[in-house]
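# Overview (structure and organization)
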Amino acid sequence: DTGVSQDPRHKITKRGQNVTFRCDPISEHNRLYWYRQTLGQGPEFLTYFQNEAQLEKSRLLSDRFSAERPKGSFSTLEIQRTEQGDSAMYLCASHPVRGLRSPLHFGNGTRLTVT
Amino acid sequence: KQEVTQIPAALSVPEGENLVLNCSFTDSAIYNLQWFRQDPGKGLTSLLLIQSSQREQTSGRLNASLDKSSGRSTLYIAASQPGDSATYLCAVTTNKLIFGTGTLLAVQP
């Protein structure tokens, strides 16, 4: 069990550029979640996958955001035409196959700064 | 819609004090409640998880209670230490985790 891994740790980009983040969940965790956290706030839910199926998307996830989990293992979160308001910590978490009664495991996050 | 609130938003105590952090939620239909710790610029570390059928969980100097009917949870930290300084987040599980805004704790040496 190597934990949830997120890459990159930090990303600085100029407004209007596209960025992509990667999350590798704990092996055999079938649920994977993306959250966004701004300074002084708790994490806000963006979307989650069960295996390769995206089961729920928050209204926070505008059409500039897209997430995929093509083989039910790692996931990517892409933001197109970034805006300064996208600056935040993007957190990924995964859930073991036992289901919702067991703890969620979080990665260390990707901090995005849009200049 | 489930909403999670944490009080106080910030707390400063001298080392050695016992303290209580509060969490409330509006919908009692939850699977469980988790308390997390977050250090500045870091991810979340799970501290305690209380199932909806349980009343409390303990780990070392930490004790978390859950009163599902009233929509409340508390995190009790005994004999606080400067190393406990962090943001503490509670979250309830429905089909996903819904977080409160956190309590920023500073323990003064």
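Residues numbered from 1 in each chain as written. Chains lettered and ligands numbered in written order. Predicted model: local features only at pLDDT ≥ 70, side-chain atom pairs only at ≥ 80, totals over all residues. Heavy atoms only, no water.

## Focus on the overall build of chain B
Formally: Put simply, DSSP H or I for four residues or longer makes a helix, DSSP E for two residues or longer makes a strand, and each gets a number counted from the N terminus. In this description the radius of gyration comes from C-alpha coordinates, and the expected globular size is given by 2.2 Å times residues to the power 0.38. Think of it in three bands: with a 1.4 Å probe and only protein chains considered, a residue is buried below 20% of the maximum accessible area for its type, exposed above 50%, and partly exposed in between. Whether two residues are in contact is decided by their heavy atoms, any of which lying within 4.5 Å being enough. Working convention for charge: Lys and Arg count positive, Asp and Glu count negative, and His plus the chain ends are omitted. Every charge is mapped to an atom, namely NZ of Lys, CZ of Arg, CG of Asp or CD of Glu.
A tally of regular secondary structure across chain B gives zero helices and eleven strands. Taken against the 2.2 N^0.38 rule, which gives 13 Å for 109 residues, the C-alpha radius of gyration of chain B at 13 Å falls within 12% of a compact globule. Counting only C-alpha atoms, chain B reaches 40 × 25 × 20 Å along its principal axes. In chain B, which comprises 109 residues, the share counted as buried stands at 45%. Long-range contacts, defined here as pairs at least 24 residues apart, represent 53% of the contacts in chain B between residues at least 6 apart. Here chain B contributes 8 positive and 8 negative side-chain charges, whose respective centroids are spaced 7 Å apart.

## Here we look at the sheet that holds strand E7 (residues 62-67) of chain B
Residue and element names in this part refer to chain B. Where we set the bar: Two strands pair if DSSP finds at least two bridges between them. Convention adopted: a line fitted to C-alpha atoms gives each axis, helices being fitted over their contacting stretch, and angles between N-to-C directions are expressed from 0 to 180 degrees.
Across the sheet, which stays open at both edges, the five strands sit in the order E1-E3-E8-E7-E6 with antiparallel pairing between neighbours. In this open sheet, the two edge strands, each paired with only one partner strand, are strand E1 (4-7) and strand E6 (56-59). Neighbouring strand axes in the sheet, compared pairwise and without regard to direction, differ in orientation by 15° on average. In this sheet, strand E8 (residues 72-77) lies alongside strand E3 (residues 19-25) in antiparallel orientation, the contact comprising six bridges. Paired with Ser24 across the two strands is Arg72, which belongs to E8.

## What about the interface of chain A and chain B?
Think of interface size as the accessible area that goes away when the parts come together; that is how it is often given. Put simply, the test is: Simply put, the buried area is the total loss of 1.4 Å probe accessible area from both parts when two parts are fitted together. Any Lys or Arg side-chain nitrogen found within 4 Å of a carboxyl oxygen on Asp or Glu counts as a salt bridge. Polarity classes work like this: nonpolar for Ala, Val, Leu, Ile, Met, Phe, Trp, Tyr, Cys and Pro, charged for Asp, Glu, Lys and Arg, and polar for all others, with Gly in that last group.
Each side of the interface is counted separately: chain A has 23 residues, and chain B has 22 residues. Across the chain A/chain B interface, buried area totals approximately 1,700 Å², and carbon plus sulfur atoms make up 53% of it. Run the count over chain A and chain B and you get one salt bridge. One salt bridge in this structure joins B:Lys96 and A:Glu56, with 2.8 Å as the shortest N-O distance. Of all the elements in the fold, those that place two or more residues in the side of chain A that touches chain B are strand E4 (31-37), strand E5 (44-50) and strand E9 (88-95) of chain A. By residue number, the principal contributor to the side of chain A that touches chain B is E4(A), which donates four residues. Across the side of chain A that touches chain B, the residue classes tally to eleven nonpolar, seven polar and five charged.

## Observations concerning the sheet that holds strand E1 (residues 5-7) of chain A
Residue and element names in this part refer to chain A. Ordered by their spatial adjacency, four strands build an open sheet running E1-E3-E8-E7, and the pairing between neighbours is antiparallel. With partners counted over all chains shown, the strands left at the sheet margins are E1 and strand E7 (65-68), one partner each. Strand-to-strand twist in this sheet, taken as the mean axis angle between neighbours without regard to direction, amounts to 15°.

## As for the side chain of B:Gln38
Defined as follows: N or O atoms within 3.5 Å of each other form a polar contact, as long as, within protein, one can give a hydrogen and the other can take it, and as long as residues adjacent in sequence are counted only when both atoms are side-chain atoms.
Its place among the elements puts B:Gln38 in strand E4 (residues 32-38). The class for B:Gln38 is buried, based on a relative accessible area of 9%. Of note is the side chain of B:Gln38, whose polar atom sits 2.8 Å from the side chain of A:Gln37. Once residues within four sequence positions are removed from consideration, B:Gln38 is found in contact with A:Gln37, B:Gly43, B:Leu44, B:Ala86, B:Thr87 and B:Leu89.

## Considering the pairing of strand E8 (residues 75-79) of chain A
All names here are of chain A. Among the five residues in E8, four count as buried, and that is most of the element. Bridge count for strand E3 (residues 19-24) against E8 is five bridges, and the pairing is antiparallel. Directly across from Cys23, in E8, lies its bridge partner Ser75. One ladder, built from four bridges, connects E7 with E8; its direction is antiparallel. Considered in E8, the bridge of Phe65 is made with Ile79. The antiparallel pairing of E7 with E8 creates a hairpin that spans six residues between the two strands, and Gly72 there sits at a positive phi of about 70°.

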